[in-house]
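Tertiary structure, described
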Amino acid sequence: MTTLNIDCEALASPVPDAVTGHLRSVGFGDPADAWRLLGQVEKRLAPLAIPGNPFPALVEAAGTSLQPDRALIGLQTLFARCGDDHVPALLDLLAVPSESRDALLTILSCSPYLSTVLFQDVGFLLDTFAGDAWRKLQDADELDAELAGMLRGVSSPDEAMKPLRTFKKRTYLRIAVCDLMKQSGTPAVLERLTDVADLCLQAAHDVCGMKLEARHGRPLLEGSKPSGFAVIGMGKLGGRDLNFSSDIDLLYVYDATDGRTEKDGTSTYEFYPKLARAITDLISRLTPDGQVFRVDLRLRPEGRAGDIANSIDGYRWHYEIQGQAWQRQALLKARCSAGSREVGGRFLDTIQPFVFYPALDQPLILEDINHMRERIAKALVERGSGDYHVKLGKGGIREIEFIAQGFQLVYGGVQGWPWERGTRKMLAALAEKGYLSDEEASDLDEAYLFLRDLENRIQMTSGHQTHEIPRDRDAQAVLAGMMGLSGVSLEAREAAPDRMLEAYGKHTARVHQIYDRVFHSAM
């Protein structure tokens, strides 16, 4: 990129024609607005008497990003909110081309949602991007230690609200940067997002339990044996492949209904629903700092009408007497996410025979799954979003999951398969067992990673649980750049949406071809 000389004093005047042409040539869609934003930055910096002229570097930094206009808006916002003591370090970071500068501008240009984390704490921004901290995914132990430090001294759910939300937002930003800058692969990113949810749920369990026990005493079973409670992750949380903006699907389970608290004799039947409601509120309440996660409890027995928490025997009774095929399928993902591992393990042992029972109803199982798929397809067509829906569209993520889950339900109990919650591991196992060819398993695995990558980038942009490729061409170009399918030149950027949609079409067509082969040949 050719460097543009900008006279600081000229920023008070209308944008010169030569500057307009240059800004357009490097990707700014609205040169006049870009010039106005630079003028606002100049007014912010002028009282500080900082030596040198930072504006050519600011234009260069924004111009090399995925979306120059949005990147410059982000830079102006940073300087507007930045304390005087942080301005020199921020200017140093932006002054010279570097991978750290590229990483920062990638976030500013493509994710208004994640950019707000940086706007709220420029000190955190500098800690993240001034060195190499953004290059490495923290492991679960490091994240656990960081959260423990943030919660030190916290003794109530209300006190935990802000630190939990801050931890989640900061950690997700670091994971997103590492992902977008290709420092980590998709599988590791999905696992780390899941680790964050597990740690937040465990912290919520601990702090909410501590408050309830202070009021009622510890819950005990007969013989003064401690009673226990577990948070069961379902869906993508259970499968350890959470999205950037996933709801978390949960079940709450405790050991028995006949326990009592040692202080006031509250029954476990009363105590544990209180704990479940407190955890849900701490995690999902919308505060000025946002939410930790949206919580979905509809997979529990009786759905919204059912008890928020159930004993192990309560779940056993429900699944044996009233359980349905779709619940068997949902329980394939069940995993103890937080709370008592002993209770969680007993719950999983209890439901395993229901999920994996030997049966001769294989065609009926596949028929039920396929009917579910057809209902989803019909609903998408009715709202006009089928072709671009990464999760539920034809050949999308859900079809890959249904292939893996269908085989598990049909053969897992009969043949005594291990309980595998991860979709990719199940695909590999199906190839080993001969139910998928090596080529089919490889194509499904490649498609799954591409589609999950695409889904995550869609959600990084908005911060919402959306799964649709945008129809707007400019938005598609940004998304293609986030996928690494763009180039530096304007021509390459303009062609990027076609490359992305071509790859999307190739993967989904192959997935649907395999889906048809698996389901229609078996029914």
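Residues numbered from 1 in each chain as written. Predicted model: local features only at pLDDT ≥ 70, side-chain atom pairs only at ≥ 80, totals over all residues. Heavy atoms only, no water.

1. Things to note about the overall build of the protein
Across its full length, the protein holds 22 helices and seven strands. Expected size for 523 residues packed as a compact globule is a radius of gyration near 24 Å; at 26 Å, the protein falls within 12% of this value. With respect to the three principal axes, the spread of C-alpha positions in the protein is 80 × 60 × 35 Å. Going through the 523 residues of the protein one by one, you find that 55% of them count as buried. Considering only contacts in the protein between residues 6 or more positions apart, those separated by 24 or more positions represent 74%. Carbon and sulfur atoms form 51% of the exposed surface of the protein, whose accessible area is close to 22300 Å². Of note, the protein has its 59 positive side-chain charges centred 3 Å away from the centre of its 73 negative side-chain charges. (Helix = DSSP H or I, 4+ residues; strand = E, 2+ residues; numbered from the N terminus. Rg over C-alpha atoms; globule rule 2.2 N^0.38 Å. Buried < 20%, exposed > 50% of the residue type's maximum accessible area, 1.4 Å probe, protein only. Contact = heavy atoms within 4.5 Å. Areas by Shrake-Rupley, 256 points an atom, 1.4 Å probe, with all protein chains shown as cover. Lys, Arg positive; Asp, Glu negative; His and termini not counted. Charge placed at Lys NZ, Arg CZ, Asp CG, Glu CD.)

2. Side note on the pattern of salt bridges
Using the criterion set out here, one finds 30 salt bridges in the structure. In this structure, the salt-bridge partner of Glu142 is Lys136, at a minimum N-O distance of 3.1 Å. Salt-bridge contacts for Asp241 lead to Arg452; the nearest nitrogen and oxygen are separated by 3.4 Å. In this pair, Asp241 sits in the loop between helix 12 (235-238) and strand 3 (248-254) while Arg452 sits in helix 20 (residues 438-462), placing the two residues 211 residues apart along the sequence. (Salt bridge = Lys/Arg side-chain N within 4 Å of Asp/Glu carboxyl O.)

3. Points about the environment of Pro301
Mapped onto the fold, Pro301 is located in the loop between strand 5 (295-296) and strand 6 (309-311). The spacing of Pro301 and Gly396 is 95 residues in sequence and 28 Å in space, taken between C-alpha atoms. Excluding its chain neighbours within four sequence positions, the residues that come into contact with Pro301 are Gly306, Asn310, Tyr315 and His318.

4. Overview of empty space enclosed by the protein
If you walk through the whole model with that rule in mind, you get three cavities of 30 Å³ or more. Reported here for the largest cavity is a volume of approximately 60 Å³. Around the largest cavity sit Leu332, Lys333, Glu401, Ala404, Gln405, Gln408, Glu420, Arg421, Gly422, Thr423 and Met426, which together line it. Contributions of two or more residues to the lining of the largest cavity are made by helix 18 (397-415) and helix 19 (423-433). No other element matches the four residues that helix 18 contributes to the lining of the largest cavity. Within the lining of the largest cavity, the residues separate by chemical class into three nonpolar, four polar and four charged. For the second largest cavity, the calculated volume is near 40 Å³. Together, Lys136, Leu137, Gln138, Leu143, Thr171, Arg174, Ile175 and Arg192 line the second largest cavity. The biggest single contributor to the lining of the second largest cavity is helix 10 (residues 157-180), with three residues. For the lining of the second largest cavity, the residue count by class is three nonpolar, two polar and three charged. (1 Å grid on protein atoms, 1.4 Å probe; cavity = no way out; pocket = protein on both sides within 12 Å on 5 of 7 lines; lining within 4 Å. Points joined across faces, edges and corners; volume = space filled by probe spheres on them. Nonpolar A, V, L, I, M, F, W, Y, C, P; charged D, E, K, R; others polar.)

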